[in-house]
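Chain residues, written in single-letter form:
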Amino acid sequence: MTAPPRRITALEPDPRRPGAVRVLVDGKPWCPLALEDAGQAGLAVGEELDPERAARAGAAADAESAYRAVLRALERRAFATADLRRRLVRRGHPPQAVDQALARAQV
């Protein structure tokens, strides 16, 4: 028996993260994303969350999470890029997401 398709039921502003939205799937929180990432991942209310969209959104959510971790770390003190990368990977952020976050933070 196959599971019914999951649907995106809301994209609501995240009150704790300006410029971010919370994605709700079947009425339940799924992941926070930057607003532009939600559009790039092809997420829209009422759309089915197929595996391809879920993978794109998941990668974007990982990058957003790593970026927020970069900002929190840099609020406390300065880090060399390699040290910050090593720290974030050690804490469980995917290496590709960390690289994206560090590139975004250097702009």
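Below is a short write-up of the structure. This is a predicted model, so every value here is computed, not measured.

Definitions and limits used
- Residues numbered from 1 in each chain as written.
- Predicted model: local features only at pLDDT ≥ 70, side-chain atom pairs only at ≥ 80, totals over all residues.
- Heavy atoms only, no water.
- Phe/Tyr/Trp six-rings, centres within 6.5 Å; stacked < 30°, edge-to-face > 60°.
- Lys NZ or Arg CZ within 6 Å of the ring centre and 35° of its normal.
- Helix = DSSP H or I, 4+ residues; strand = E, 2+ residues; numbered from the N terminus.
- Buried < 20%, exposed > 50% of the residue type's maximum accessible area, 1.4 Å probe, protein only.

Going through the model one piece at a time under the given rule, you end up with zero aromatic pairs. The ring of Y67 has R104 lying over it, and the distance from NZ or CZ to the ring centre is 3.7 Å.

Another aspect to go through is unusual backbone geometry. The backbone phi angle of D26 is positive, close to 55°, even though this residue is not glycine. The topology assignment puts D26 in the loop between strand 2 (20-25) and strand 3 (28-34). According to the relative accessible area criterion, D26 is partly exposed, its value standing at 43%.

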